[in-house]
Amino acid sequence: MYKLLLSLLLGSTLSFAGVINAVAITVNGEPITLYDIDKTMVQKNVSKNKAVNDLIDEILFEQLVKKHNITADVFDVNNYIEKLASTNGMDVYSFKSIIRQQYRDYDVFENEAKKAVIRQKLIDKLVRGQLKIATEEDLKIYYENNKKQFTTAKTIEVTQYSSKSKNALLNTIKNPLLVSNEVSRRSLSLESTKLNPQMQFLLNKTKEKSFTPIFTANRAYNTLYVSDKKGTAILDFEIVKGKIFNDVMKVREKKYLKDYFEKERLTANIKIVR
């Protein structure tokens, strides 16, 4: 009786697993399972229809990557990170230092960077010669029409903590009331428009009543505690020009790719299995 019950339980479990892993759709022969759809719905918090469409687009994307033999090595990833740092007005060392504090696992960021490189290589191949490159006039028009995107606090009240010991600084961040002879502190009132791009990026990303990531300056480890942000100021066009160019070109790329993938869908062999 026990063996019969066990076999029935195992049979029902295997049947359930079979249903979960059952193929729902194939895209040029590649399967999308019911599990894939359910997982995407939960992860992205989207409807079943949106999940299916996203999965189809992902497969079409991967197939195009294979078709065009696109890869990304460590040099590609490093170049991408250098460009990211430059766009934000930062040197690579400082940028990586901030990223390492925003990501618990730096490998996760590098993996995201690799995917971004592959995506950009594919986009470059698909849109080469198809997109109009944004001119200086285009960028200025975008800047004038979207100034709210480039506002920042006019003045920022901070307390600067500096130390030769990174561990001492980390302990101070964990307990700001801790008095350490290894850590010096001073109060500053900063005018955002007079700060370099690196510091503007750092402070814009930091909320009130919190510390910035640790950065190096004057041969010491530093962090700023942002106590208050006052007023508003608009960042100068020259400071944000690089970001605007990227934003404008991304909009143009997105529109072109949307049209491209719609055509790919029309020619793809998509079969609904269940």
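Residues numbered from 1 in each chain as written. Predicted model: local features only at pLDDT ≥ 70, side-chain atom pairs only at ≥ 80, totals over all residues. Heavy atoms only, no water.

**Regarding the sheet that holds strand β2 (residues 30–33)**
And step 1. If you walk across this open sheet you meet the three strands as β2-β1-β10, and the pairing is antiparallel. Both outer strands of the open sheet, β2 and β10 (270–272), are each paired with one neighbouring strand and no more. This sheet shows a mean twist of 25° between the axes of neighbouring strands, independent of strand direction.
And step 2. When strand β1 (residues 23–27) meets β10, the two strands line up antiparallel, connected through three bridges. Residue pairing across strands places V27 opposite I270, the latter belonging to β10. (Pairing = 2+ DSSP bridges. Helix = DSSP H or I, 4+ residues; strand = E, 2+ residues; numbered from the N terminus. Axes fitted to C-alpha atoms, helices over the stretch in contact; angles between N-to-C directions.)

**Concerning the packing of helix α3 (residues 48–67) against helix α10 (residues 237–267)**
And step 1. For the pair α3 and α10, the least separation of the axes is 11 Å and the interaxial angle reads 90°. Compared by their axis directions, α3 and α10 come out roughly perpendicular. On α10, the residues touching N53, I56, D57, L60, F61 and L64 of α3 are Y260, F261, E264 and R265.
And step 2. Residue composition of the contact of α3 with α10, grouped by class: six nonpolar, one polar and three charged. (Parallel < 35°, antiparallel > 145°, perpendicular 65-115°, else oblique. Contact = heavy atoms within 4.5 Å. Nonpolar A, V, L, I, M, F, W, Y, C, P; charged D, E, K, R; others polar.)

**Observations regarding the side chain of S163**
And step 1. Secondary-structure assignment places S163 in strand β4 (residues 155–163).
And step 2. A distance of 3.0 Å separates a polar side-chain atom of S163 from the backbone nitrogen of S165.
And step 3. In contact with S163, other than residues within four places in its own chain, are A168, L169, E182, V183, A220 and Y221. (Polar contact = N/O pair within 3.5 Å; in protein donor to acceptor, adjacent residues only side chain to side chain.)

**Thoughts on the pairing of strand β8 (residues 220–230)**
And step 1. Bridge analysis of β4 against β8 gives nine bridges, and the strand direction is antiparallel. Bridged to T159 within β8 is Y225.
And step 2. Note: strand β6 (residues 210–211) against β8, two bridges, orientation antiparallel. Its bridge partner being in β8, S210 is matched across the sheet by V226.
And step 3. Taken together, the three bridges between strand β7 (residues 215–217) and β8 define a ladder with antiparallel strand orientation. Following the sheet pairing, A217 is matched in β8 by A220.
And step 4. Counted between consecutive antiparallel strands, the loop separating β7 from β8 contains two residues, among which N218 sits at a positive phi close to 55°.

**Here's the deal with the confidence of the model for the protein chain**
As a note on interpretation, predicted positions should not be read in detail where pLDDT is low.
And step 1. Of the residues in the protein chain, 92% reach a pLDDT of 70 or more, and the chain-wide mean stands at 83.
And step 2. Looking across the protein chain, the model is least confident in helix α1 (residues 2–20), with a mean pLDDT of 50, and most confident in helix α7 (residues 136–145), with 94.
And step 3. Contacts for the low-pLDDT stretch residues 2–6, under 50 throughout, to residues beyond four places or in other chains number zero contacts.
And step 4. Per-residue pLDDT stays below 50 along residues 13–17; that stretch engages in zero contacts with residues further than four places along the chain or on separate chains. (pLDDT = per-residue confidence, 0-100.)

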